[in-house]
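Topology and contacts: notes
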Amino acid sequence: MTDTFFGLSGTFFAYLGAALAVLLAGTGSARGVGIAGEAATGVVVEDPDKFGSTLILQLLPGTQGIYGFLIGFLVMVFSGMMPGGGISLDLGTGLRVLAACLPVGVVGLTSGIAQGRVSAAGMNIIAKRPDQMSKGMIYAAMVETYAILGFLISLLMVLGIFM
Amino acid sequence: MILKMEKISAFGLLSDKDAVIRALMRERCVQLSAPETLESYDELKELTEVPAGDVYALEQRQSRYAAALSGMSFYTQKAGMFASRPSVDYDKLEDAAMLEKAEAQCAEVEAVVAEISELRGAKNKDLFLKASLEPWAGDGLPMELTGTRAVSFARYLLPAKADMQMLEARRAKAAPAGAVGIVSEDKEQRYVIAFCHRSEEDALWDVLKEHGAARASFSGLTGTAKENIASCDKRIARVDARIAELENKLREIGKDIYPLKYAYDLTAVQIQRGKANNDLLSTRETFCFTGWVPETTKSDVQDILDEYGCHYRFEQAADKEEPPILLKNSKIVTPFESVTEMYSLPAYRCMDPDGVVSFWYFLIFGMMLSDAGLGLLLVIGGFLLLQKKGYLTKSANAMFPALVIGAVVAFSGAVINSIVGVCVSFAGVLIMGAALYTVISRSPSQKGKLIKVITMGGVSTVFWGTIFGSWFGDLIPTIAKVFLGVPEYNAFIILDPLQQALNVMIISMSMGFVHIMVGMGLKAYLLIKRGHPWEALFDVGFWMMTLIGLVAMLAAMILLGTESMVFTVGVILAVAGAIGLVLTQGRDKKNPIMKLMNGITSLYDVTGYLSDVLSYSRILALGLASGVIAQVFNIMGTLAGGGILGAIIFIVVFALGTVLNVGINTLGSYVHTARLQYVEFFGKFYEAGGKPFKPLMAQTKYIDVINKEEI
C-alpha cells in the first residue's frame, strides 16, 4: 500500500464515501421530514384525529436517509470497517467507493428537501379533503423517484466494486 | 366493468312521496338528478308548489347532538384505529326508546357542560381577583378603608419607572403631613399606599397623577387583602372539586354514548330524507323526479315504483350526457378498485381497468417488497386487521388456520434450503393464496379494500421473496452461523438480487415493457371499439411494431449475436413500424412537407417510451432496499455475538428492525406500485374524469346502516 493521494490512503476515501452517503442523504431527509412535520403540526392543531395520516405523509421524505444509510452500511460491511474486520484498500478502490457513494448522497440531499416541501403542501389536502390524501402521497413519491434512481446507481456501483 | 346507467323519470302521487323516498333510500338504487336538469323544467316550475318540508328543526336538533358529542370528546374512551363500527338495520333505524335515551343523555350532558362552563367562569373571576389582591397582601389594611375623619387613605398603582425621589420631594411640598409607601413592586408597577390630611388630599393626588399613578379600587371588598385571598382560594378549591365531580360524571356518561351517536346519525338520515323531499318537484297532488339507475338495480327501482303505483320510464343516456360511474367486479378484483379510484374513476365511455390493474398491482407490489418474511407478516397481519374491523364473515374467519398453515409451510421451505425447499415454499404460497381467495370471496366486497390489496400483495411478496431467497433478509443463515454454530451455511437462492442485480433489473424492465404494451393494446382496443381501426393501427400498431422490433434487436444482440434470425426480424419490424409512423403521424396536416416533418419528429417520442421502461428499475431498487435493510438489522443484532445474552439482544434488534422495515417498505411499495400504474400504464390509454354514482342512501358518521339482505 504505497499509493496515496497527498498522504491520504484509499481506506480514508472509502470511509469518506460511506460518511458522505449517510451524511448528505440523512441531512436531506432530516430537512424534508422537518419541513413536513411543521406543516403537519398545523393540521393536527385543528383536528387531532388526523395525526395518523399526517404522520404517513411526513414519513415519505424519510426514505432518502435510509437509502444513504444502507449504502454507507454496505460499504462498511464489504470493505471491513465493521468491528473486527481489518480494512486496507488501495487508492483506486477507495476513490471508486467515494464516487459510488455520491449519487445517493447528493440526490438524497436535494430530493429529500424537495420531497419535504411537496409533503408539506400535501398536508393541505389532508386538512381540506382528507379522502384525497393518497394523491398527496403520490405527488411526494414522484420526487422520490430520483432518490431511488440515485440509490440504485450507488448500490450497483458498490456491488460492482466488491462483488 | 362499468355498469350501464339508464336515466329514469318517474311521477307519483304526493301522498306516497315520503314512502317512495324511504324505500329508494333503503335500496340505494338511484341517484337523483337536480330538478333543473328536467327537460321542461320551466313549465313544470309554474306548477310547482314550494315544498313544505322543513329540515331546519332537524338540523337544530342535530347540532345539539353534535355539541353534546364534542363536549364529551375528552371524556369518551377512544375506540382506537382498528375498532369496528356498530351497524343497524335500515328498517330498524327509527328506535323511539333509543332516541329517548339519547335525548336524556343529551340533556344531561348539556346541563353538566353548562354548569362546568359557568363554574370555570366563576373560577377565572376569582383567579383574577386573587392576582390583583396579591400585591397588597403585605399592607395588612382592610380593603374598604378610605381613612378617618381627618386622614385620607388610598391605594395607587404607579408605573415602575416613576421617579420615587422626585415624587417624595414633591409630596413633601404638597402634603407635608402625608406619607407615600411602597407595599410591593413587580416589573411593570409599584403598588403604593398614601396617607395625608383631608385638606391636602387633592394636592397629593395631583402630584401622584403627574407621576402616572392610577387609583386601585376594590369596591365591595371587606377585610384585609390576605383574608380576601384566603377566601378566593377557598372558593376556587370548592369550584375545582365540583368541576372534578362533574367531569367524573361526564366520564361515566362517556362509557356508553352510543345513544347520542345513534341519535346524531338518525337525525342525519332524517335530514337527508327531508332534503331529498325538497329536491323532488311537487305539485299539490303529485311529485316527479329524474335520476340515474344502474342496470343491476333497475328491478329494485321498478319494484318500488310499481308498489306505489308510480308512472315511470327508462331512457338510454344521450351521447353528450356523462352518467355517473358505478364499478362492478368480482370479489377478488373489487379491492383493487381503490387503486383506480385514487387516480380517478374512468370516464363512462372508457373502460374499467381494474381487472388488468389487479394483476399487475399484485405482481409488481410483491416484487417491490420482495422479502418473503415481510410478506408473511402482511398476510397474517392483514387478515387479523380485517377480522378486528369486522369486515369478515364467519366462514371467512374460519380460514385463518389454513392461512397460518400456508405461512408455516412457506417458511419451512426456506429452512429446508434446497430446490425441494423452494418447491415447498411455493406450495405454501399456493395454500395461502387459496385460503386468502376464499376469505375475500366470502366477505363483503366493499369493505376494507385497501387492507385487502395489501394482504393479497403479501402473498405475492412471499412468492417473490422465495425466488429472491430473502426471508427477513438473511435471517436463517445468520441464525445458523451465529447461534447454531454452522460456519458455512450457504443459502440456496434461485435468483440473488445482490449477486445478479443486473439480471433482476432486466427482469424488472421487461415486465415494465410488457406492462406498457398491454396499456397500448388497451388503447387500440378502445379505438377499434369506437370504430377507428385505422387510428388503432397508425397510432398504436406502428408504435408497438417499432418498440417490439427494437427490443428484439437488443435482446438478439446480447444473447444471440447480430447474425441471428431474431435480429433480422427485429430490424424488419422496427423499420417497418418506423416507416409507418413517418407516413401516418402527420396525417392531420395539409401541406405534404409538413406531413413528412410531423411524421419524422414523431419518432422522437421513442425517448418517452424509453424513460417509461427505465422507470420500472425502481422495482429492483425498492426490492433490494427491503432485503438489505433486513440484513443490516441482522448484522447489528449479531454484533453482541452468540450465547443467551446475544440471542436476547438479537431478538430485540430484529423485532424493532422488522417493524421499521415492514412499515417503511410497505408504504413505499404501495405508493410506487401505484405510481407505475398511474404514470406509465394509465398514461397509455386511460380516460379519467368519471363522477362516482352517489345513490340516495343513509349517510352516517358513527354507525353503519345496513340492509337485511346484505351479507
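Residues numbered from 1 in each chain as written. Chains lettered and ligands numbered in written order. Predicted model: local features only at pLDDT ≥ 70, side-chain atom pairs only at ≥ 80, totals over all residues.

1. Here's the deal with the overall build of chain A
Put simply, the test is: Secondary structure counts use DSSP, requiring at least four H or I residues in a row for a helix and at least two E residues in a row for a strand, with both numbered from the N terminus. A residue is called partly exposed when the number of other C-beta atoms within 10 Å of its own lies between 12 and 20, exposed at 12 or fewer, and buried at 20 or more, with C-beta atoms placed from the backbone. The contact rule is simple: place each C-beta atom from the backbone, and if two of them lie within 7 Å, those residues are in contact.
Looking only at helices and strands, chain A features five helices and zero strands. Reading chain A from its N terminus to its C terminus gives the helix and strand order α-α-α-α-α. The principal-axis extent of the C-alpha atoms belonging to chain A is close to 65 × 25 × 25 Å. Classification of the 163 residues of chain A by burial places 53% in the buried group. Residue pairs in contact within chain A that sit at least 24 positions apart in sequence constitute 86% of those at least 6 positions apart.

2. Brief notes about the overall build of chain B
The following threshold applies: Values of the radius of gyration come from C-alpha atoms, whereas the globule rule sets the reference at 2.2 Å times the count of residues to the power 0.38.
Along the backbone of chain B there are 24 helices and 13 strands. Its C-alpha atoms give chain B a radius of gyration of 39 Å, clearly above 27 Å, the size a compact globule of 711 residues would have. Judged by the C-alpha coordinates and their principal axes, chain B covers about 125 × 90 × 65 Å. Considering only contacts in chain B between residues 6 or more positions apart, those separated by 24 or more positions represent 80%.

3. Looking at the packing of helix α1 (residues 10-46) of chain A against helix α3 (residues 63-79) of chain A
Residue and element names in this part refer to chain A. Just so we agree on the cut-off: Every angle, taken between N-to-C directions, lies between 0 and 180 degrees, and every axis is a line fitted to C-alpha atoms, over only the stretch in contact when it is a helix. Orientation categories follow fixed angle ranges, with anything under 35 degrees roughly parallel, anything over 145 roughly antiparallel, 65 to 115 roughly perpendicular, and all other angles oblique. Should the near helix be turned counterclockwise from the far one by less than a right angle, the crossing is left-handed, whereas a clockwise turn marks it as right-handed.
At their nearest, the axes of α1 and α3 sit 7 Å apart, and the two run at 165 degrees to each other. When the interaxial angle is binned, α1 and α3 end up roughly antiparallel. In terms of crossing hand, the pair formed by α1 and α3 is left-handed. Residues Ala 14, Gly 17, Ala 18, Ala 21, Val 22, Leu 24, Ala 25, Gly 26, Gly 28, Ser 29 and Ala 30 of α1 touch α3, and the partners they reach there are Gln 64, Gly 65, Tyr 67, Gly 68, Phe 69, Ile 71, Gly 72, Val 75, Met 76 and Ser 79.

4. Notes on the confidence of the model for chain B
Selection rule: You can read pLDDT as the predictor saying how much it trusts each residue, on a scale of 0 to 100.
Mean pLDDT over chain B works out to 88, with 98% of the residues at or above the 70 mark. Interface scoring of the predicted complex returns ipTM 0.80; its pTM is 0.81.

5. Quick notes on the environment of Val75(A)
Residue and element names in this part refer to chain A. Its location among the elements puts Val 75 in helix α3. Considered as a pair, Val 75 and Leu 159 are 84 residues apart in the sequence and their alpha carbons are 9.0 Å apart. Leaving out residues up to four positions away in the same chain, Val 75 has contacts with Ala 14, Gly 17, Ala 18, Val 97, Cys 101 and Val 158.

6. So, the interface of chain B and chain A
We apply this condition: Under this grouping Gly is polar, as are all residues other than the nonpolar Ala, Val, Leu, Ile, Met, Phe, Trp, Tyr, Cys and Pro and the charged Asp, Glu, Lys and Arg.
In this complex, chain B contributes 25 residues to the contact, which on the side of chain A involves 24 residues. Contributing elements (two or more residues each) for the side of chain B that touches chain A: α23 (618-638) and α24 (643-685) of chain B. In terms of residue class, the side of chain B that touches chain A is made up of 19 nonpolar, four polar and two charged.

7. Overview of the pairing of strand β6 (residues 189-197) of chain B
All names here are of chain B. Cut-off, in case you're wondering: Between any two strands, pairing holds if DSSP finds at least two bridges.
One ladder, built from nine bridges, connects strand β4 (residues 151-159) with β6; its direction is antiparallel. Its bridge partner lying in β6, Leu 157 is registered against Tyr 191. Bridge count for strand β5 (residues 179-185) against β6 is six bridges, and the pairing is antiparallel. Bridged to Ala 179 within β6 is Phe 195. Counted between consecutive antiparallel strands, the loop separating β5 from β6 contains three residues.

8. Topic: the sheet that holds strand β7 (residues 214-215) of chain B
All names here are of chain B. Read across the sheet, four strands follow the order β5-β6-β4-β7 without closing on themselves; strand pairing throughout is antiparallel. In this open sheet, the two strands that pair with only one neighbour each are β5 and β7. Running over the sheet, helix α6 (residues 201-210) touches β4 and β6 and is turned about 160 degrees from β6.

9. Looking at helix α20 (residues 565-584) of chain B
Residues and elements named next belong to chain B. Heads up, the rule is: To estimate the expected span of a helix, subtract one from its residue number and multiply by 1.5 Å. In this context, the arc is that of the directions from the helix axis out to the C-beta atoms.
The end-to-end C-alpha distance of α20, which contains 20 residues, comes to 28 Å, matching closely the 28 Å that a straight helix rising 1.5 Å per residue would cover. Where α20 is concerned, the buried positions are Gly 570, Leu 573, Gly 577, Ala 578 and Leu 581. Viewed end-on, α20 has its buried residues packed into an arc of 125 degrees, placing them on one side of the element. Looking at the buried positions of α20, the neighbouring elements they touch are α19 (533-559) and α21 (592-602).

10. Some thoughts on the packing of helix α11 (residues 354-369) of chain B against α23(B)
All names here are of chain B. Relative orientation of the contacting elements α11 and α23 amounts to 45 degrees, with a least axis distance of 6 Å. Judged on the interaxial angle alone, α23 and α11 are oblique. Along the contact surface, α11 presents Ile 364, Met 367, Met 368 and Leu 369, while α23 presents Ile 619, Leu 622, Gly 623 and Ser 626.

11. Here we look at the domain arrangement of chain B
Residues and elements named next belong to chain B. Here is the rule: Each domain's limits were defined by an automated method or a database of domain assignments.
Along its sequence, chain B is carved into domain 1 (1-51 + 280-326 + 693-711), domain 2 (145-217) and domain 3 (334-690). The gap between the C-alpha centroids of domain 1 and domain 3 is 43 Å. Counting residues at the interface gives six residues for domain 1, matched by eight residues for domain 3. Split into classes, the residues belonging to the side of domain 1 that touches domain 3 amount to five nonpolar, no polar and one charged.

12. Quick word on the pairing of strand β10 (residues 311-316) of chain B
Residues and elements named next belong to chain B. Counting buried positions along β10 gives zero out of six residues, so the element sits mostly on the surface. As judged from the six bridges shared by strand β1 (residues 5-13) and β10, these two strands associate in the antiparallel manner. What sits directly across from Ser 9, in β10, is Arg 313.

13. A few points about the environment of Leu246(B)
Residues and elements named next belong to chain B. When you line up the elements, Leu 246 lands in helix α7 (residues 225-254). Distance from Leu 246 to Ile 116, taken between C-alpha atoms, is 7.1 Å for residues 130 residues apart in sequence. For Leu 246, the contacting residues outside a window of four places in its chain are Val 112, Glu 115 and Ile 116.

14. Some thoughts on the nonpolar core
Note the cut-off: A set of buried residues qualifies as a nonpolar core if it consists of Ala, Val, Leu, Ile, Met, Phe, Trp, Tyr and Cys joined through C-beta atoms within 7 Å.
Counting 145 residues, the largest nonpolar core has Leu70(A), Ile71(A), Cys101(A) and Met432(B) as the members making the most contacts within it. When residues in this core are grouped by element, the largest group, 15 residues, is from α1(A). If sequence neighbours within four positions are ignored, Cys101(A) has contacts with Gly17(A), Ala18(A), Leu20(A), Ala21(A), Ile71(A), Val75(A) and Ser154(A). If you look at the next biggest cluster of nonpolar residues, it comprises 39 residues, including Ile257(B), Ala263(B), Leu280(B) and Ile304(B).

15. Structural notes on the environment of Val22(A)
Residues and elements named next belong to chain A. When you line up the elements, Val 22 lands in helix α1. The exposure class assigned to Val 22 is buried, which follows from the 24 C-beta atoms found within 10 Å. Once the C-alpha coordinates of Val 22 and Val 104 are considered, the two residues, 82 residues apart in sequence, prove to be 8.7 Å apart. Aside from chain neighbours lying at most four places away, what touches Val 22 is Gly 68, Phe 69 and Gly 72.

16. Some words on the confidence of the model for chain A
In the predicted model, chain A carries a mean pLDDT of 89, and the fraction of residues at 70 or more is 97%. Ranking the helices and strands of chain A by mean pLDDT puts helix α4 (residues 91-128) of chain A first, with 94, and helix α2 (residues 51-59) of chain A last, with 86.

17. Points about α3(A)
All names here are of chain A. In this model α3 runs 24 Å from its N-terminal to its C-terminal C-alpha over 17 residues, within 8% of the 24 Å that 1.5 Å per residue would give. Buried residues dominate α3, accounting for 15 of its 17 residues. Backbone geometry just after α3 places Gly 80 at a positive phi near 80 degrees.

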